[in-house]
Amino acid sequence: MDLDLRKLRYFVAVAEHRHFGRAAEQLYITQPVLSRQIKAMEQELDCTLLVRTTRSVELTAAGKQLHTEAQGILAAVAAAVQRVHDADLGTRRLVVAFSPGLHVSEAIRAFALRHPDVETDVVPSRWWEQDAPLRDGRAQVGYLRRPFDDAGLRTVPIGRDPRVACLPAAHPLAGRAELTTADLDGERMLDVPIRRTASLEEKFELIAAGHGIGLVPLSVARSYSRPDLVHLPVTDAPGLETCLVVPAGRREKLLRDFLEIATATLRCG
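What you see is a predicted model; the values in this text were computed from it and never measured.

Quick notes on the rules
Residues numbered from 1 in each chain as written. Predicted model: local features only at pLDDT ≥ 70, side-chain atom pairs only at ≥ 80, totals over all residues. Heavy atoms only, no water. Buried < 20%, exposed > 50% of the residue type's maximum accessible area, 1.4 Å probe, protein only. Helix = DSSP H or I, 4+ residues; strand = E, 2+ residues; numbered from the N terminus. Arc of directions from axis to C-beta. Contact = heavy atoms within 4.5 Å. Pairing = 2+ DSSP bridges. Axes fitted to C-alpha atoms, helices over the stretch in contact; angles between N-to-C directions.

(A) Main features of helix α2 (residues 20-27). By the burial criterion, the buried members of α2 are F20, G21, A23 and A24. Projected onto a plane normal to the axis of α2, the buried residues spread over an arc of 165° and lie on a single side. Buried residues belonging to α2 abut α1 (5-17), α3 (31-45), β1 (50-52) and β2 (57-59). Where α2 ends, the next residue or the one after it, Y28, has phi of about 60°, a positive value.

In structure tokens, the structure reads:
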């Protein structure tokens, strides 16, 4: 079957609002029309996406999977439309993906000095599929942190990002200067595969609420600093490699120039 992008956008609106009325308002359509479109999509896919009650809308397992897939699909379509417009206007554009906590702005500023005629954009990578923007065409280059699937990608090592234990400020270990992995034995860890949170904000909220401890990159902990959390070095936890990444077949001069400038800039930083 062909996936109807209009219905997909309708579904995403309902999935994000968890309410047909609010989703219909956002989409500027009536609630009965929206309900019919979602029902038609379920019939086309031959599966139930939403569980409707009088007070709420919940996603089924299939609905959750479609919501995850839809975000990448719609973003890729938007990126393709942007490339068509750029081609029509003769605009040169470079889009850089970046992992949570990693800062690529200094490299972009240095690149812009050499290429002031090139438009530069950034797109954040979700932590559980960091390579996705490079594979679906949303970005030409990424500043990413391992692990990720590097099949079909060319990587340039930049450095290492130490991992720290993030825990509530009231935790018995919070007063320590540093920890080892042995100190964390018996602690509930909020890490894959035990529990995959939908966002880093959700993860840190759960940690602050006392639901567990997270072992996270130092750059992420610093970017999400808050007074009810502390992060401590874990001396025997291996750091995570950071690297610049491009699709293996891409050899354009613009990309080569950015890799050269970004490698020098980020390694010095």
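(B) Spotlight on the environment of A61. On the secondary structure map, A61 appears in helix α4 (residues 61-89). Spatially, the C-alpha atom of A61 lies 41 Å from that of A107, the residues being 46 residues apart in sequence.

(C) Structural context of unusual backbone geometry. With omega at 10°, the peptide bond leading from R146 into P147 counts as cis. For R18, which is not glycine, the phi dihedral falls at a positive 55°. Note on placement: R18 falls in the loop between α1 and α2. Of the residues examined, R18 reaches a relative accessible area of 33% and is grouped as partly exposed.

(D) The arrangement of the sheet that holds strand β3 (residues 92-98) in detail. The strand order across the open sheet built from 5 strands is β4-β3-β5-β10-β6, with neighbouring strands paired in mixed fashion. At either margin of the open sheet sits one strand with a lone partner, and together these are β4 (118-124) and β6 (153-161). Between one strand axis and the next, the sheet turns by 20° as a mean value, whatever way the strands run. Of the pairings in the sheet, the one linking β3 to β4 comprises 7 bridges and is parallel in character. Paired with L94 across the strands is T120, a residue of β4.

Keep in mind that these numbers describe shape and distance, not what the molecule does.
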